[in-house]
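Report on the structure
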Amino acid sequence: MLDSLGKWQVTPLETGDFRLDGGAMMGSVPKVLWEKTNPADELNRIDLALRCLLLDDGEKRILIESGLGDKIQPDFKKMFHVVQDDHPLEDCLNKKDLSKEDITHVILTHLHFDHAGGATSLDKNGSMIPAFPNAEYFVSETNWESGLEPNPRDRASYLPENYLPLEENGQLIRVRDNTDLFDGISTISVNGHTFGQQLIKVESEGEILVFCADLIPLKSHLKLPWIMGYDLNAILTLKEKTDFLNMAAKEGWWLWFYHDPKTVAVKISKGEKYFDVSEEVKRDFHN
Ligand SMILES: [Zn+2]
């Protein structure tokens, strides 16, 4: 179980599941290897979760990441085999007796559609508005610039409707690289996957948890050479991941997976060839 970290109550919000091409997710790793841990469907797609993290200390209710959101179209749903409720985040919060008004802060690791899609939604008049009316939204300055002028290679993942309304409504806070957001909550900036992705590090009462986002999307990506084909700069990801995992093993961090379909979080130790999992929190499918 991982239901608290120091002063924070820790709640996974399973907003849905979808599928992406297994080859694109595993980069240069051959299918004969990755299909053992991540089996592919008839279209070569593998399962991915959309597991947001809610932190609550009785004063702040901080949401990390926002899922695909509630404005995706049927053809998109089919292409990515999306399985989720009509209002995924709201329904998750309602099950915990919370509403979207209760969220005080939203932190987005980066603006790709599967991370920022739930940041905005359509109001009754058809206008795109921030989905959490009382929240400040934290986006890295570097990634915001990427969102305004995406690189042709990952342009399809940046959909302005997911983030421009945050600025238009005065709810956007641009964050510098590697910075403290609150007491004990800071960002770790990485640039291999896309420019200005910020991992979120939570430290409280001697415990540390890091929301790994797309530096380590699946448990399989704990293996150093397993790097997504989507990444803009695989060699940079390799370096960032190596430094990050060495530190995580040394200091006993919990590593939170946004996309792993079965594992919520792990602790690791340094093994002979790769890093070994020393503790593991499995997904509760009743959630
Ligand atoms: Zn991404």
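Residues numbered from 1 in each chain as written. Predicted model: local features only at pLDDT ≥ 70, side-chain atom pairs only at ≥ 80, totals over all residues. Heavy atoms only, no water.

1. Some thoughts on the overall build of the protein
Threshold: Numbering of helices and strands runs from the N terminus; a helix is a DSSP stretch of H or I covering at least four residues, while a strand is a stretch of E covering at least two. The atom set for the radius of gyration is the C-alpha atoms, and the globule formula is 2.2 Å times the number of residues raised to the power 0.38. Only protein chains enter the area calculation, which uses a 1.4 Å probe; residues under 20% of their type maximum are buried, those over 50% are exposed, and those in between are partly exposed. Every residue pair with non-hydrogen atoms within 4.5 Å of one another is taken to be in contact. Reported accessibility uses the Shrake-Rupley method at a 1.4 Å probe radius. Residues are deemed covered only where the shown protein chains occlude them. A positive count includes Lys and Arg, and a negative count includes Asp and Glu. His and the chain ends are not counted in either. Charged groups are reduced to one reference atom each: NZ for lysine, CZ for arginine, CG for aspartic acid, CD for glutamic acid.
Helix and strand counts for the protein stand at eight helices and 16 strands. The C-alpha atoms of the protein give 18 Å as radius of gyration, which agrees with the globular expectation for 287 residues (19 Å, within 12%). C-alpha extents for the protein along the principal axes are approximately 55 × 45 × 40 Å. Counting only residues that meet the buried cut, the protein has 54% of its 287 residues in that class. Relative to all contacts within the protein whose residues are 6 or more apart in sequence, the contacts with residues 24 or more apart total 67%. Here the protein displays about 12,900 Å² of accessible surface, and carbon together with sulfur accounts for 49% of that area. When the 31 basic and 48 acidic side-chain charges of the protein are each reduced to a single mean position, those positions are 5 Å apart.

2. Some words on the sheet that holds strand E16 (residues 275–282)
We count it as follows: For two strands to count as paired, DSSP must find a minimum of two bridges between them. To obtain each axis, a line is fitted to C-alpha atoms, and for helices this fit is confined to the stretch in contact; angles are then taken between N-to-C directions over 0 to 180 degrees.
One open sheet holds the seven strands; their spatial order is E10-E11-E12-E13-E14-E15-E16, and the pairing between them is mixed. Sheet topology places strand E10 (180–182) and E16 at the edges, where each strand pairs with a single neighbour. Put simply, the sheet's adjacent strands are angled 30° from each other on average, direction ignored. Here strand E11 (residues 185–190) pairs with strand E12 (residues 197–204) via six bridges, running antiparallel.

3. Some points on the packing of aromatic side chains
Rule in force here: Note on aromatic contacts: the rings of Phe and Tyr and the six-membered ring of Trp form a pair at centre separations within 6.5 Å, being stacked when their planes are under 30 degrees apart, edge-to-face when over 60 apart, and tilted otherwise.
In total, this model carries seven aromatic pairs according to the counting rule given. Ring centres of Phe76 and Phe80 lie 4.7 Å apart, and the angle between their planes is 55°; this geometry places the pair in the tilted category. For Phe80, a relative accessible area of 14% puts it in the buried group. Seen in terms of ring centroids, Phe244 and Trp253 are 5.5 Å apart; in terms of plane orientation they differ by 65°. Their pairing is edge-to-face. Overall, the relative accessible area of 4% leaves Trp253 in the buried class.

4. What to know about the coordination of the zinc ion
Stated formally: Keep in mind that water is not among the atoms, so a site may look incomplete; donors are the N, O and S atoms within 2.8 Å of the metal, or 3.2 Å for Na, K and Ca.
Donor atoms from the polypeptide that bind the zinc ion are His110 (NE2), His112 (ND1), His193 (NE2) and Asp214 (OD), placed at 2.2 to 2.3 Å. Taking the relative accessible area as the measure of exposure, His112 reaches 5% and is therefore buried.

5. Re the pairing of strand E8 (residues 136–140)
The element E8 is largely enclosed, with a buried count of four among its five residues. Relative to strand E9 (residues 172–175), E8 runs parallel, the two sharing four bridges. Following the sheet pairing, Val139 is matched in E9 by Arg174.

6. Comments concerning the nonpolar core
Here is the rule: Throughout, nonpolar core names a set of buried Ala, Val, Leu, Ile, Met, Phe, Trp, Tyr and Cys residues whose side chains join them through atoms within 4.5 Å.
Grouped together as the largest cluster of nonpolar side chains are 85 residues, with contacts concentrated most on Leu55, Phe132, Ile185, Phe244, Leu245, Leu255 and Trp256. For this core, the element with the highest residue contribution is strand E3 (residues 45–56), accounting for seven residues. Apart from the residues lying within four places of it in its own chain, the contact partners of Leu55 are Trp8, Gln9, Val10, Lys60, Arg61, Ile62, Ile64, Ile185 and Val202.

7. Observations concerning helix H4 (residues 88–95)
Two residues of an α-helix separated by three or four positions point the same way, owing to the 3.6 residues in each turn. Definition in use: When we speak of the arc, we mean the arc of directions from the helix axis to the C-beta atoms.
Of the residues making up H4, those classed as buried are Pro88, Leu89, Cys92 and Leu93. Seen along its axis, H4 keeps its buried residues to an arc of 130°; they face one direction. In this structure, the buried residues of H4 make contact with strand E2 (8–21), E3 and strand E4 (61–64). One or two positions beyond H4, positive phi appears at Asp97, with a value near 60°.

8. Topic: the sheet that holds E2
Spatially, E1-E2-E3-E4-E5-E8-E9 is the arrangement adopted by the seven strands of the open sheet, whose pairing is mixed. In this open sheet, the two strands that pair with only one neighbour each are strand E1 (4–5) and E9. Strand direction decides the pairing type here: E3 and E4, joined by four bridges, are antiparallel. Looking across to E4, one finds that Leu54 is bridged to Leu63. Where H4 meets the sheet, its contacts fall on E2, E3 and E4, and the angle it forms with E2 comes to roughly 145°. Packing against the sheet, helix H6 (residues 141–148) makes contact with E8 and E9, and its axis sits at approximately 85° to E8.

9. Focus on helix H8 (residues 234–251)
Formally: Under the convention used throughout, the expected extent of a helix is 1.5 Å for every residue step, that is, one less than its residue count.
In this model, H8 (18 residues) spans 25 Å end to end at C-alpha, consistent with the 26 Å of a helix rising 1.5 Å per residue. Among the residues of H8, those classed as buried are Thr237, Glu240, Lys241, Phe244, Leu245 and Ala248. Within H8, the buried residues cover an arc of 125° as seen down the axis, which keeps them to one side. Away from the buried face of H8 by more than 90 degrees, exposed residues Ile235, Lys239 and Lys250 are located. Residues of H8 that are buried sit in contact with E11, E12, strand E13 (207–211), strand E14 (254–256), strand E15 (263–270) and E16.

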